[in-house]
Every structure is written in C-alpha cells, then in structure tokens.
Amino acid sequence: MKVPDQEVSVAEFYEPVMSHRRPEVQRLVIQLLQEDFKQASELEANILSVAAKLRAETIVDTDTSEGELS
C-alpha cells in the first residue's frame, strides 16, 4: 500500500464514496470517522509512551544489576 505524499482529510478521502449521500449523512459519517482517527492517534501515543517507559525501566534495571555484580 502506497503512503500518500500529503495527508488527506477524512472528507476528501471519503468524498467519492459519500458524494451520493445526503449532506447530513455525510457530516455525521465524517464526524464519526474523525473521532475514530483521533482516538486511534491518542491510543498510538499512549502505547508509544508506555513502551518508552518500559525501555527506560529495563535500562535502569540492567544498569542496577550490573552495578551489583561489580
């Protein structure tokens, strides 16, 4: 799957599929999709944050263990 060179808005991406729908339906679908994308982005940020903390804890534990062996 090719990644687009620039970000496309939710409305632009779904316009071909949604163009035949009534405007109120289009707005509702776009609103729901934007919320899903926002939640997915927040989830990704939280996962990366936890992963970074776990890596940092592992490094600290490893350094502490090596110091005890000396």
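In this text the structure is predicted, and so the values were computed from the model without any measurement.

Draft legend 1. Structural detail: the overall build of the protein chain. Scanning the protein chain for helices and strands turns up two helices and zero strands. The burial tally for the protein chain puts 4% of its 70 residues in the buried class. Total accessible area computed for the protein chain in this model is approximately 6,500 Å², and 58% of it derives from carbon and sulfur atoms.

Draft legend 2. Seen up close, the pattern of salt bridges. One pass over the structure, following the stated rule, counts one salt bridge. With its nearest N and O atoms 2.6 Å apart, the salt bridge here joins Glu 24 to Arg 22. Exposure remark for Arg 22: the relative accessible area of 53% places this residue in the exposed category.

Draft legend 3. Expanded view of the environment of Val 10. Among the secondary structure elements, Val 10 is positioned in helix α1 (residues 10-18). We classify Val 10 as buried; its relative accessible area is 11%. Distance from Val 10 to Gln 31, taken between C-alpha atoms, is 9.0 Å for residues 21 residues apart in sequence. Contact partners of Val 10, with chain neighbours within four places excluded, come to Ile 30, Leu 33, Gln 34 and Phe 37.

Draft legend 4. Broad picture of the environment of Val 29. Position of Val 29 among the secondary structure elements: in helix α2 (residues 23-69). C-alpha of Val 29 to C-alpha of Met 18: the two residues are 11 residues apart in sequence and 8.7 Å apart in space.

Conventions used here
- Residues numbered from 1 in each chain as written.
- Predicted model: local features only at pLDDT ≥ 70, side-chain atom pairs only at ≥ 80, totals over all residues.
- Heavy atoms only, no water.
- Helix = DSSP H or I, 4+ residues; strand = E, 2+ residues; numbered from the N terminus.
- Buried < 20%, exposed > 50% of the residue type's maximum accessible area, 1.4 Å probe, protein only.
- Areas by Shrake-Rupley, 256 points an atom, 1.4 Å probe, with all protein chains shown as cover.
- Salt bridge = Lys/Arg side-chain N within 4 Å of Asp/Glu carboxyl O.
- Contact = heavy atoms within 4.5 Å.

The quantities given are spatial measurements derived from coordinates; they are silent on function.
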